[in-house]
Amino acid sequence: MGSSLPSKEANLFKVIVKSYETKQYKKGLKAADTILKKFPEHGETLSMKGLTLNCMDRKTEAYDLVRRGLKNDLKSHVCWHVYGLLYRFDREYREAIKCYRNALRIDPDNIEILRDLSLLQVQMRDLTGFIETRQQLLVLKPNHRMNWIGFAVAHHLNSNPLKAIDILEAYEGTLEDDYPPENERYEHSEMLLYKITLLEESELLDRALEEMHKMSSKILDKLTFKEQMASILLKLGRFEEAEKIYRSLLYMNPDNYRYLIGLQKCVQLYSEKGEYTSDEIDKLNALYKLLEEQYGSSSAVKRIPLDFLEGENFREATDNYVRPLLTKGVPSLFSDLSPLYDQKGKASILEELFLYLEDSLKSTGCFPGSSNKEPPSTIMWTMFLVSQHYDRRGQHLLALVKIDEAIAHTPTVIDLYSIKGRILKHAGDLPAAAALADEARSMDLADRYLNSECVTHMLEADQVALAEKTAVLFTKDGDQHNNLHDMQCMWYELASGESYSRQGDLGHALKNFLAVEKHYSDITEDQFDFHSYCLRKMTLRSYVSMLKFQDQLHSHEYFHKAAIGAIRCYVKLHDSPPKAAVEESDEMLNLPASQKKKLRQKQKKAEARAKKEAEERNDEETTSGTSKSGKRQNARPIDLDPHGEKLLQVEDPLAEATKYLKLLQSNSSSSLETHILSFEVNMRKQKILLAFQAVKNLLKLDKNDPDCHRCLIKFFHKISSYPSPVTDAEKLIWNVLEAERPNISQLHGKSLIEVNECFLKMHKDMLMHRAAAAEMLYLLQPDKKAEAIKLIEESENKLAVGNLALGPVNIWKLQDCISVHKLLKTVFNDQGATSRWKTRCADYFPYSTYFEGSQSSAVTRNANKRTDTSSENGLADSHSLIGNLQAFHDLKIQ
């Protein structure tokens, strides 16, 4: 570095490098300017000055200087290395790797470049290249522990744990007998545990066990040691030894579910599906009774039996479990019991038990069979529990009665108002739910959770402005919306995006959905710093686990929702382009080709000029916000598109949608929604085979789903209208479809009309299936519109089978009825049928603001201002919370 410079300037060059490493950027800049006064075309100095400026957020100058430096000295590994670092800062990893490889052609044994290259390779999951680079580092520096470990991890990531074990054993062979010294005992212990994990993963269980016994004195993490020992013994079938260890672990932590499940496996009483014979249930019950005697304070020991017990035993165990929690006043009790509602027959037993406890407390002040008087709060928490039970079963009227009783009993408990808001939300009264949530928030202004819950309810009620004002109460210094983005507050951005989408504001909706996608990109980027840190600190098991998590990152629920929201926005944008874009395209059509080209170039130049001016303003603000050392002061960049208007100006919305669709197909292939969107996008793009692939995937996942049926009928109806194939490509596509059609069982020897009739016959009692069949009947036979509407209107809202609750529970769901209403309004475009359906559903859902039910806050507030041209939630605007709350208090529960 700086070898072509005289000694004085060479020393100054070293100062530049040192200043960069210590983040003293102004000092480094001064040294670079001193050299460049004498040697203005010195490539390495220009490159280092550019790198320094890049750290001061002067990117444009940085790239110009680095490219100029590289041009002046193409054979300098420093210039190529610096160019790669610039690309790395901007997350252009593939370009950075190219630069590093060019640098290595000049200096193939440069440790720093090899190390930087290995970090990029593992970041990009170029595992073959990663192995080669780590091997080269090991050959160059075999006395460096990190190089041995890095080489082993590279093979493990490349699905070759046996090779990783060999490397670790070779490294251990280089160590002395008294290794490790006191200051390295933890790192060595972690390496040994990692090696045992590799042996277990390779199913070399005997060797793993032998290694654990041999190295037990050198492993410091005794808890992990015991857990791993028990796991290996269990896999080896040495149940008695494993049982002893699990019991010793339970003595340390009797509330750990993994230890209890491990103990069940040791006594061979565990089922993944939770299905047991009566004999097994008796044995499990006896086991947990013994554990309860030993660990009386453990809630897990009391809760787990509720999952496998049945009938009277289940009732008795639940009774014993809930009584102390009701006395103590545990608000999360219902959340704890909620999974039991998915098991057949248990919901009715729970209801009988809860009502029995409530009746006894009201009449005697004691639990049944007890003479001890309970505190007054116990009856309140019991009514709180009963109200949540009724809400879960869809009996919102009874739920509201119970929660109102609880509030009348103790009006100062915040949780009561939160749950009442949740019940109203499920009943369909979103403005009243938001009002209740705000009332709960106002009772404890320091509680962030209550604030967040209130914001969620407001966004669901499409009260975006109020939600934002409420959300920023907990941001730094009361700062505005940007802080929510900085904190990666994805739940807010998703709810906000969905609200804007319902209201038709696609710009704001896309901005929120793409912000969530940006967070996931940042999370992926955040792993970069751990590649070297974890190898240095030897946290190898956690490191590999983190990498595996990162590989599945885009399958997370939040990303799934954001990607789906963005795709739907782009599809809407394609179907209904903004007026400005339509007018512009019409204007372009009337111009000759040469003028079109000039106009496009002019527009691009104007956009580039505006972007450059904004960047310069950012640079000026950033420069003024730097310290004496030149370090950045975290100046906030200006948002050039606060309303998402530029996001609406994309040339090809379907191409943008396809980017996110590919991520969903890679990471959420088991989701019906992924393939439904794939069908919608590819049909619009005229990608027939890709659309057909989506139909096949839907049929494979759930052939009885109504949306799957829609896609099947729409696809074959659409291609039947196409003209005969002419080109070779068209003929090939047609031949593929003809060859594949016999593999679809629904189409065997039937016309599409007959397929639709069979689907209706199979699912005649299901509302959404009847609606799908009616829609397809109208598509296939437009002259039968009245018959199709009649199919929907003749649907019966029957009582749910096996529901033994006090009041009736119908099978229709509010969201399904809303979907049918939109279908009648948009697809069938029949105002009479739409009005009749709305009136009918208003009786079924009296609290629904969408259907303007008789007991909804919208009707009570102002019957004269109802509108049917509102957002999807049935709101004309964001009403004041005070008005909503007053309207709700005016409701009379009959």
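Residues numbered from 1 in each chain as written. Predicted model: local features only at pLDDT ≥ 70, side-chain atom pairs only at ≥ 80, totals over all residues. Heavy atoms only, no water.

What to know about the overall build of the protein
Here comes step 1: Scanning the protein from N- to C-terminus turns up 47 helices and zero strands.
Here comes step 2: Sorting the 894 residues of the protein into buried and exposed places 48% on the buried side. (Helix = DSSP H or I, 4+ residues; strand = E, 2+ residues; numbered from the N terminus. Buried < 20%, exposed > 50% of the residue type's maximum accessible area, 1.4 Å probe, protein only.)

Considerations on the pattern of salt bridges
Here comes step 1: Going through the model one piece at a time under the given rule, you end up with 49 salt bridges.
Here comes step 2: The closest approach of N and O atoms between Glu182 and Arg185, which form a salt bridge, is 3.7 Å.
Here comes step 3: A salt bridge links Lys518 to Asp522; the shortest N-O distance between them is 3.1 Å. Here Lys518 pairs with Asp522, and both are found in helix 30 (residues 506-526), just four residues apart, close to one helical turn. (Salt bridge = Lys/Arg side-chain N within 4 Å of Asp/Glu carboxyl O.)

Points about the packing of helix 23 (residues 396-409) against helix 24 (residues 414-427)
Here comes step 1: Between helix 23 and helix 24, the shortest axis-to-axis distance is 10 Å and the interhelical angle comes to 165°. The orientation of helix 23 with respect to helix 24, classified from their angle, is roughly antiparallel. Both helix 23 and helix 24 take part in a crossing whose hand is left-handed. Residues His396, Ala399, Leu400, Ile403, Asp404, Ala406 and Ile407 of helix 23 lie in contact with helix 24, whose contacting residues are Leu416, Tyr417, Ile419, Lys420, Ile423, Leu424, His426 and Ala427.
Here comes step 2: Broken down by class, the residue content of the contact of helix 23 with helix 24 amounts to eleven nonpolar, two polar and two charged. (Axes fitted to C-alpha atoms, helices over the stretch in contact; angles between N-to-C directions. Parallel < 35°, antiparallel > 145°, perpendicular 65-115°, else oblique. Left-handed = near helix turned anticlockwise from the far one by under 90°. Contact = heavy atoms within 4.5 Å. Nonpolar A, V, L, I, M, F, W, Y, C, P; charged D, E, K, R; others polar.)

A word on the packing of aromatic side chains
Geometrically, a pair of aromatic rings is defined through the distance of the ring centres and the angle of the planes.
Here comes step 1: Within this structure, the stated rule accounts for 18 aromatic pairs.
Here comes step 2: Between Trp491 and Tyr492, the aromatic rings sit 6.1 Å apart at their centres with planes inclined by 90°, giving edge-to-face as the arrangement.
Here comes step 3: For Trp491, a relative accessible area of 28% corresponds to the partly exposed category.
Here comes step 4: The structure contains a cluster of three or more aromatic residues connected by ring pairs, namely Tyr63, Tyr83 and Tyr87.
Here comes step 5: Over the ring of Phe225 we find Lys222; its NZ or CZ atom is 5.7 Å from the centre of that ring.
Here comes step 6: One residue, Arg741, lies across the ring of Phe716, its end atom 4.9 Å from the ring centre. (Phe/Tyr/Trp six-rings, centres within 6.5 Å; stacked < 30°, edge-to-face > 60°. Lys NZ or Arg CZ within 6 Å of the ring centre and 35° of its normal.)

Some points on the packing of helix 3 (residues 43-55) against helix 5 (residues 77-89)
The relative placement of two packed helices comes down to the angle between their axes together with the axis-to-axis distance.
Here comes step 1: Contact geometry of helix 3 with helix 5 gives a least axis separation of 9 Å together with a crossing angle of 15°. When the interaxial angle is binned, helix 3 and helix 5 end up roughly parallel. With respect to the hand of their crossing, helix 3 and helix 5 are arranged in left-handed fashion. Residue-level contacts link Gly43, Glu44, Ser47, Met48, Gly50, Leu51 and Asn54 of helix 3 to Val78, Cys79, Val82, Leu85, Leu86 and Phe89 of helix 5.
Here comes step 2: Counted by class, the contact of helix 3 with helix 5 contains eight nonpolar, four polar and one charged residues.

Re helix 9 (residues 145-157)
Here comes step 1: Its 13 residues place the ends of helix 9 19 Å apart at the C-alpha level, agreeing with the 18 Å of an ideal helix rising 1.5 Å per residue.
Here comes step 2: Along helix 9, twelve of the 13 residues are buried, which leaves the element largely enclosed by surrounding structure.
Here comes step 3: The set of residues buried in helix 9 consists of Met146, Asn147, Trp148, Ile149, Gly150, Phe151, Ala152, Val153, Ala154, His155, His156 and Leu157.
Here comes step 4: On the buried face of helix 9, the contacting elements are helix 7 (111-123), helix 8 (127-140), helix 10 (161-173), helix 11 (185-201), helix 31 (528-537) and helix 32 (540-551). (Expected span 1.5 Å × (residues − 1).)

Observations regarding a nonpolar patch on the surface
Here comes step 1: Together, Leu223, Tyr251 and Met252 make up an exposed nonpolar region whose accessible area comes to about 360 Å².
Here comes step 2: Looking at Leu223, the relative accessible area reads 38%, which means it is partly exposed. (Patch = residues over 30% accessible without salt bridge, like charges linked within 9 Å, V, L, I, M, F, W, Y side chains within 5 Å. Areas by Shrake-Rupley, 256 points an atom, 1.4 Å probe, with all protein chains shown as cover.)

Quick notes on the side chain of Thr410
Here comes step 1: Among the structural elements, Thr410 can be located in the loop between helix 23 and helix 24.
Here comes step 2: With sequence-adjacent residues up to four places away left out, Thr410 is seen in contact with Met380 and Leu416.

Digging into helix 1 (residues 7-21)
Here comes step 1: The terminal C-alpha atoms of helix 1, which comprises 15 residues, lie 21 Å apart, in line with the 21 Å expected from a rise of 1.5 Å per residue.
Here comes step 2: Burial in helix 1 covers these residues: Glu9, Ala10, Phe13, Ile16, Val17 and Ser19.
Here comes step 3: The inward-facing, buried residues of helix 1 contact helix 2 (25-38) and helix 3.

Considering the environment of Val386
Here comes step 1: With respect to the helices, strands and loops of the structure, Val386 is situated in helix 22 (residues 376-392).
Here comes step 2: In sequence terms Val386 and Glu358 are 28 residues apart; their C-alpha atoms lie 8.4 Å from each other.
Here comes step 3: With near-sequence residues (within four places) excluded, Val386 lies in contact with Phe354, Leu355, Glu358 and Lys402.

Examining the environment of Glu787
Here comes step 1: Along the chain, Glu787 turns up in helix 43 (residues 785-793).
Here comes step 2: On a C-alpha basis, the gap between Glu787 and Leu777 in space is 8.5 Å, while along the polypeptide they are ten residues apart.

What about the environment of Lys703?
Here comes step 1: With respect to the helices, strands and loops of the structure, Lys703 is situated in the loop between helix 38 (688-702) and helix 39 (706-720).
Here comes step 2: The sequence separation of Lys703 and Gln746 amounts to 43 residues, and the corresponding C-alpha distance is 8.9 Å.
Here comes step 3: Not counting the four nearest positions on each side in its chain, Lys703 is found in contact with Leu698, Cys708 and Gln746.

Points about unusual backbone geometry
Here comes step 1: One non-glycine residue, Arg125, adopts positive backbone phi at about 60°.
Here comes step 2: By the secondary structure assignment, Arg125 is in the loop between helix 7 and helix 8.
Here comes step 3: Even without being a glycine, Asn829 presents a positive backbone phi close to 50°.
Here comes step 4: Mapped onto the secondary structure, Asn829 falls in the loop between helix 44 (814-826) and helix 45 (831-844).
Here comes step 5: By relative accessible area, Asn829 is classed as exposed at 53%.

Topic: the confidence of the model for the protein
Where the model shows low pLDDT, its predicted coordinates should not be examined in detail.
Here comes step 1: The pLDDT averaged across the protein works out to 88; a share of 87% of its residues lies at or above 70.
Here comes step 2: This model gives residues 866-872 a pLDDT under 50, and the stretch forms 15 contacts once residues within four places in sequence are excluded. (pLDDT = per-residue confidence, 0-100.)

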